[in-house]
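This is what each chain is made of:
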Amino acid sequence: MRRFFLAAALALLAATQAQAGAVLDRVRANNTVRCGVGGSLAGFSLPDSRGEWHGIDVDYCRALATAVLGDPARVTFVPLTLATRFAALSSGEVDVLARDTVITFSRDTNLGIVFVGVNFYTGTGVMVRRASGVTSMAQLNGATICASGGGSNLPEVSDYLRARNLPFTPITFDRLATVLEAFLAGRCDAVTAGAADLASAVAVQVPNPRDYLVLPEVLSRDPYGPAVARGDMEWFAIARWTLALLVEAEERGLTRENVRGMVATATDPALKRILGTEDNLGGMLGLSRDWAVRVIAAIGNYGEVYDRNFGPATPINLNRGQNNIVSRGGLHYGMPFR
């Protein structure tokens, strides 16, 4: 009896979907998802020599386009600086912001935007030249430190050094690429950014990587996550559950290679709900019944996305650590699809 009422409730919800909101209508009318990205950092978002975009933020946007428009190619990537990213989102210049952005209380409550979840865990790091002899933050007394303006890394460094009465001089630039250029040109003694961002820069953008050292101190817990503008709950729900799907797919063993075959063979009720063969969860989002299958077949699960952009086969080769799923010692876990 309980199962009957659950099925009836799900069917009723799917049949009485709310009207799509303004952003979702706009995305469908434009037949593209305008995705705000950084555009200069390997692993997160960077075009290659052919203009093909790659990165974990890029893959999230492609997953979103697959969910809504049925095609991972229906994305327009819009490079944004740290200073302009939030205004671009709240004003409607972009439909989603996926730009290695730290989720904070003030950003989530005061900027007219809302974060949909965490897609990457890192923290503030600091990089120096090995030749400087500096091996810890305590040795940065009087240092000049380059950083991206409008980000959260410089305030973290400032808090750390001020608490220890260590003076320093900040120099800020719009983009991390410019920050790195200034550092490499000798304009500053150290550079601060997300620890993963620095690992990416050292592996891909910095000549002679062995000449540089990312200090052992990680100064903060920085969850990166995509965000959407407030006001369109339908678009928010799709953005949120698309991100959750990538993690849930890894936990359930769904991959790009096996997901379509699992549609015919899955017997686990929880798995069948995700695949759309039992209950129509996609209908509740205004999407196709097999939306999850399409997303996973096009993009893969979170582990596949991570490995493609940060894994051993990439120059970055960043240990997953806290970006693993919980069952493997990380922080990521899916939400109930029911």
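What comes next is a walk through the structure. Keep in mind the model is a prediction, meaning the values are calculated, not measured.

1. Some remarks on the packing of aromatic side chains
- Inspection of every chain in the model, using the stated rule, returns 11 aromatic pairs.
- With a centroid separation of 5.1 Å and an interplanar angle of 70°, the aromatic rings of Phe-44 and Phe-120 are classed as edge-to-face. Of this pair, Phe-44 sits in the loop between strand E1 (33-37) and strand E2 (46-47) while Phe-120 is found in strand E7 (residues 120-122), placing the two residues 76 residues apart along the sequence.
- Overall, the relative accessible area of 0% leaves Phe-44 in the buried class.
- Owing to a relative accessible area of 0%, Phe-120 belongs among the buried residues under this scheme.
- An aromatic cluster of at least three residues, connected via ring pairs, comprises Phe-44, Phe-120, Tyr-224, Tyr-302, Tyr-306 and Phe-310.
- Positioned above the aromatic ring of Phe-183 is the side chain of Arg-129, whose terminal nitrogen or guanidinium carbon lies 4.4 Å from the ring centre.
- The ring of Tyr-306 carries the charged tip of Arg-320 above its face, separated from the ring centre by 5.4 Å.

2. So, the pairing of strand E11 (residues 190-194)
- Of all 5 residues making up E11, 5 are buried, and the element is well covered by its neighbours.
- Here strand E8 (residues 124-129) runs beside E11; their pairing, made up of 5 bridges, is antiparallel. Opposite Val-128, over in E11, you have Ala-190 as the bridge partner.
- Here strand E9 (residues 143-148) pairs with E11 via 2 bridges, running parallel. Bridging from a neighbouring strand, Ile-145 pairs with Ala-190 of E11.

Rules used throughout
- Along each chain, the written sequence defines residue order, and numbers are assigned to residues from 1.
- Local features in this predicted model are restricted to residues of pLDDT 70 or higher, and side-chain atom pairs are both shown and tallied only at a pLDDT of 80 or more, whereas totals for entire chains, interfaces and linings draw on every residue.
- Side-chain measures were taken over the full set of non-hydrogen atoms in the model, leaving aside hydrogen atoms and water.
- Side-chain rings of Phe, Tyr and Trp, where Trp is taken by its six-membered ring, are said to pair if the distance between their centres is within 6.5 Å; with planes under 30 degrees apart they count as stacked, over 60 as edge-to-face, and otherwise as tilted.
- By definition, any uninterrupted DSSP run of H or I lasting at least four residues is a helix, any uninterrupted run of E lasting at least two residues is a strand, and each is numbered from the N terminus.
- Three labels apply to residues, based on accessible area from a 1.4 Å probe with only protein chains included: buried if under 20% of the type maximum, exposed if over 50%, partly exposed otherwise in between.
- Look at NZ for Lys and CZ for Arg. If either is within 6 Å of the ring centre and within 35 degrees of the ring normal, a charge sits over the ring.
- Strands pair, by our definition, only if DSSP identifies at least two bridges between them.

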